[in-house]
Amino acid sequence: MRVVPRWALISSGCAPVVLVGGWTVAALLQGPAYDPTTQTISVLGAYGAEGFWVMTGAFLALGLCHVCTALGLRPAALAGRVALAGGGVAAFAVVLIPAPSSGGSLRHGSVAAVGFALLAVWPVLAADRGGAAPWGLRPLPSLVVTAVMGVGAGWFLIEIQRHGVAGVAERLVTCIQSLWPFVVVASCLLHPDNSGSSK
């Protein structure tokens with residue numbers, strides 16, 4: 001088995017921290033006008049938002065974390081690594097095409113949807129069908145987490161349409177999406193075959 005470098009644990013572990021930390025600080029800067037239950041994260045990164053610069057930095061850091069993790073996750077199937085890196089690139093694109101200060105944006109929504117989709121399918125694409133794979137790269141856990149993310153994304157779309165708790169749904173899905181790479185990297189590092197140099 002190809003060795004996972006220890007720095008991949010740092011990049012994957014930073015992803016949920018920068019995402020949750022970013023939206024928390026940006027929401028505090030936005031003040032009581034922002035409702036995290038019903039409003040999306042993109043609202044915090046919109047032009048004119050008080051926490052625009054914080055959310056922009058968080059999206060850039062998140063994208064960099066996913067790209068670095070994809071580079072280090074050598075035991076994963078190439079298609080999964082490409083999808084994870086693509087999810088990171090989509091975070092960069094969200095910065096380049098932020099949500100408008102009011103109303104929706106097809107361009108921003110499309111970029112965000114591509115990122116959601118890539119980060120939802122990467123676990124199943126990265127799965128190792130061999131019998132001795134680390135737990136996080138085995139087919140069953142990979143399929144289950146992809147299904148959970150898919151259901152969460154469906155819930156988010158329903159809540160957006162009905163003007164419900166879209167903020168809650170989005171945060172749940174993005175937390176899972178940002179945390180799963182860390183789980184996979186940790187399972188690889190704990191796997192008995194992950195021996196040797198960790199440069």
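Residues numbered from 1 in each chain as written. Predicted model: local features only at pLDDT ≥ 70, side-chain atom pairs only at ≥ 80, totals over all residues. Heavy atoms only, no water.

### Comments concerning the overall build of the protein chain
A tally of helices and strands in the protein chain yields 7 helices and 0 strands. Secondary structure elements of the protein chain occur, N-terminal to C-terminal, as α-α-α-α-α-α-α. The C-alpha radius of gyration computed for the protein chain amounts to 17 Å, which stays within 12% of the reference 16 Å derived for 199 residues, consistent with globular compactness. Based on the C-alpha atoms only, the size of the protein chain along its principal axes is roughly 50 × 30 × 25 Å. (Helix = DSSP H or I, 4+ residues; strand = E, 2+ residues; numbered from the N terminus. Rg over C-alpha atoms; globule rule 2.2 N^0.38 Å.)

### A short note on the packing of aromatic side chains
Taken as a whole and judged by the stated rule, the model has 3 aromatic pairs. Ring plane angle 35° and centroid distance 5.5 Å describe the contact between Y47 and F52, whose orientation is recorded as tilted. R171 extends its terminal NZ or CZ atom over the ring of W23, reaching a point 5.2 Å from the ring centre. (Phe/Tyr/Trp six-rings, centres within 6.5 Å; stacked < 30°, edge-to-face > 60°. Lys NZ or Arg CZ within 6 Å of the ring centre and 35° of its normal.)

### Brief notes about the packing of helix α6 (residues 139-161) against helix α7 (residues 166-190)
Relative orientation of the contacting elements α6 and α7 amounts to 160°, with a least axis distance of 8 Å. One way to sum up the angle between α6 and α7 is to call them roughly antiparallel. Every pair of crossing elements has a handedness; the one defined by α6 and α7 is left-handed. Contacts from P141, V145, V148, M149, G152, A153, W155, F156, E159 and I160 in α6 reach A166, V168, A169, E170, L172, V173, I176, Q177 and W180 in α7. Residue composition of the contact of α6 with α7, by class: 15 nonpolar, 2 polar and 2 charged. (Axes fitted to C-alpha atoms, helices over the stretch in contact; angles between N-to-C directions. Parallel < 35°, antiparallel > 145°, perpendicular 65-115°, else oblique. Left-handed = near helix turned anticlockwise from the far one by under 90°. Contact = heavy atoms within 4.5 Å. Nonpolar A, V, L, I, M, F, W, Y, C, P; charged D, E, K, R; others polar.)

### Overview of the nonpolar core
Membership of the largest hydrophobic core comes to 20 residues, with the highest contact counts inside it found for V4, L73, W122, L137, V184, V185 and C188. Only α4 (78-96), α5 (106-126), α6 and α7 provide two or more residues apiece to this core. In terms of residues, this core owes the most to one element, α7, which gives 5 residues. Listed in part, the 18 residues of the second largest apolar core include A27, Y34, F59 and L62. (Core = buried A, V, L, I, M, F, W, Y, C linked by side-chain atoms within 4.5 Å. Buried < 20%, exposed > 50% of the residue type's maximum accessible area, 1.4 Å probe, protein only.)

### Here's the deal with empty space enclosed by the protein
Tallying each qualifying case throughout the model produces 2 cavities of 30 Å³ or more. Residue lining of the largest cavity: 20 residues in total, with F59, L62, V94, F116 and T174 positioned closest to the centre. Elements represented by at least two residues in the lining of the largest cavity include exactly α2 (41-44), α3 (52-72), α4, α5 and α7. The dominant element in the lining of the largest cavity, judged by the number of residues it contributes, is α5, at 6 residues. The calculated volume of the second largest cavity comes to roughly 50 Å³. Around the second largest cavity, the lining residues are S42, G45, A46, F52, T56, F59, V94, V95, P98, A99 and H108. Of the residues in the lining of the second largest cavity, the class split is 7 nonpolar, 4 polar and no charged. (1 Å grid on protein atoms, 1.4 Å probe; cavity = no way out; pocket = protein on both sides within 12 Å on 5 of 7 lines; lining within 4 Å. Points joined across faces, edges and corners; volume = space filled by probe spheres on them.)

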